[in-house]
Amino acid sequence: MTTQKNMLQIVQDACTDVGQPRPTVVASSTDETPRRMLRLLNKAGTQLMREFEWPRLRVVETFNAVAQEEQVEPSTTEFARLAPQSTIWHVNTQRQVIGPVSLEKWNQLHVFPVSTAQFYWTIIGLRFSIYPVPTTSDQFTFAYVFQKWTSNAAGTVYGLEFTADDDTHFLDDELLTLELVWRWKQAIGIDYGEDMATCNRYKELLYAGLRNKDVVNLSDPWQGKLPEGYWPGYITA
């Protein structure tokens, strides 16, 4: 596993780039520059966590259903959002749960109920809802993005921002440094356009390399995703 730089090292690198003295401490510093750098760095990290599905922030969770439509509520302390193009899978049948369906479709399922072995899902009131009502023996799994992008030095406590000099992270060292450089220049009122452009170019290349590339399997044209309304049965006269 790649070792990430800690918060102090990132701030030191950024200070070197902008011609500021390299601090020996940041979190406990009473000097305005390191404290301002820390605030800007945390803002950058939070934005980066929100705008991209970082591989090290992906989490897969499995839950046991309850015998009602309203199901589990993702942890508000850990859950940032569903992973892009995420869906829910019914573990018992190894089939995809159709969704997230629109509220219009959800209402249609209730107004014009049909007998189906296919599950549908949506999110209502921050909770997963599944139709038809599952049983307590049903299991479902889904992927989401973990919002705690920092970690203590021991890797045992995760956080929403840097709070200690030796805190590390799950993002990218160089990108955090570049983000901090242009944000610092913007904050003190000097030209930051080229630095921001350099940062964005690096970000685009980094994101392109980290994105998953789906492999098309010609022996499985549906890629495990059965079309809506599919019924694996036979009609006999």
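To start, this report covers the structure provided alongside it. If you're wondering where the values come from, they're calculated on a predicted model, not measured in any experiment.

## Overview of the overall build of the protein chain
Alright, step 1. Of regular secondary structure, the protein chain possesses 5 helices and 10 strands.
Alright, step 2. Here the protein chain holds 237 residues, and 40% of them are scored as buried.
Alright, step 3. Residue pairs in contact within the protein chain that sit at least 24 positions apart in sequence constitute 64% of those at least 6 positions apart.
Alright, step 4. A total accessible area of about 13900 Å² is found for the protein chain, and carbon and sulfur atoms account for 53% of it.

## Examining the pairing of strand S6 (residues 127-131)
On a regular strand, one side chain projects to one face of the sheet and the next to the other, so that they alternate.
Alright, step 1. Among the 5 residues in S6, 4 count as buried, and that is most of the element.
Alright, step 2. For strand S5 (residues 120-124) and S6, the ladder comprises 5 bridges, and the chain directions are antiparallel. Paired with Tyr120 across the two strands is Tyr131, which belongs to S6.
Alright, step 3. Counting the residues that bridge the hairpin from S5 to S6 gives 2 residues, and of these Gly125 lies at a positive phi of roughly 60°.

## Digging into the pattern of salt bridges
Alright, step 1. Scanning all chains against the criterion turns up 10 salt bridges.
Alright, step 2. Taking the shortest distance from any N to any O, the salt bridge between Arg127 and Glu70 comes out at 3.9 Å. Taken together, the positions of Arg127 in strand S6 and Glu70 in the loop between strand S1 (58-64) and strand S2 (79-82) put the pair 57 residues apart, joining distant regions of the chain.
Alright, step 3. With relative accessibility at 28%, the residue Arg127 sits in the partly exposed group.
Alright, step 4. Given a relative accessible area of 39%, Glu70 falls into the partly exposed group.
Alright, step 5. Across the pair Arg201 and Glu194 runs a salt bridge whose closest N-O atoms are separated by 3.2 Å.

## A look at helix H5 (residues 193-210)
Alright, step 1. Here H5 spans 26 Å end to end across 18 residues, near enough to the 26 Å set by a 1.5 Å rise per residue.
Alright, step 2. Among the residues of H5, Cys199, Lys203, Leu206 and Tyr207 are the ones counted as buried. Taken around the axis of H5, the buried residues stretch over an arc of 95°, which confines them to a single face. With respect to the buried face of H5, the exposed residues turned more than 90 degrees away are Glu194, Glu204, Leu205 and Gly209.
Alright, step 3. The inward-facing, buried residues of H5 abut helix H2 (32-51) and helix H4 (173-188).

## Things to note about unusual backbone geometry
Alright, step 1. The amide bond that connects Gly99 to the next residue, Pro100, takes the cis arrangement and shows omega of 5°.
Alright, step 2. Within the secondary structure layout, Pro100 lies in the loop between strand S4 (95-97) and helix H3 (103-111).
Alright, step 3. Geometrically, the link from Tyr131 to Pro132 is a cis peptide bond, its omega value of -5° lying close to zero.
Alright, step 4. Position of Pro132 relative to the elements: it lies in the loop between S6 and strand S7 (139-146).
Alright, step 5. Its identity as a non-glycine residue notwithstanding, Gln94 has a phi of 55°, on the positive side.
Alright, step 6. With respect to the helices, strands and loops of the structure, Gln94 is situated in the loop between strand S3 (88-90) and S4.

## Thoughts on the environment of Ala187
Alright, step 1. With respect to the element layout, Ala187 can be found in helix H4.
Alright, step 2. For Ala187, a relative accessible area of 31% corresponds to the partly exposed category.
Alright, step 3. The spacing of Ala187 and Arg36 is 151 residues in sequence and 9.1 Å in space, taken between C-alpha atoms.
Alright, step 4. The contacts of Ala187, once residues within four sequence positions are left out, are Arg36 and Leu40.

## Comments concerning the sheet that holds strand S8 (residues 150-151)
Alright, step 1. Spatially, 3 strands are ordered S9-S8-S10 in an open sheet, and the strand pairing comes out antiparallel. Strands at the two margins of the open sheet, each flanked by one partner only, are strand S9 (158-159) and strand S10 (168-169).
Alright, step 2. Across 2 bridges, S8 lies against S9 in antiparallel orientation. The partner of Ser151 across the bridge, within S9, is Tyr158.

What counts, and where the lines are drawn
- Residues numbered from 1 in each chain as written.
- Predicted model: local features only at pLDDT ≥ 70, side-chain atom pairs only at ≥ 80, totals over all residues.
- Heavy atoms only, no water.
- Helix = DSSP H or I, 4+ residues; strand = E, 2+ residues; numbered from the N terminus.
- Buried < 20%, exposed > 50% of the residue type's maximum accessible area, 1.4 Å probe, protein only.
- Contact = heavy atoms within 4.5 Å.
- Areas by Shrake-Rupley, 256 points an atom, 1.4 Å probe, with all protein chains shown as cover.
- Pairing = 2+ DSSP bridges.
- Salt bridge = Lys/Arg side-chain N within 4 Å of Asp/Glu carboxyl O.
- Expected span 1.5 Å × (residues − 1).
- Arc of directions from axis to C-beta.

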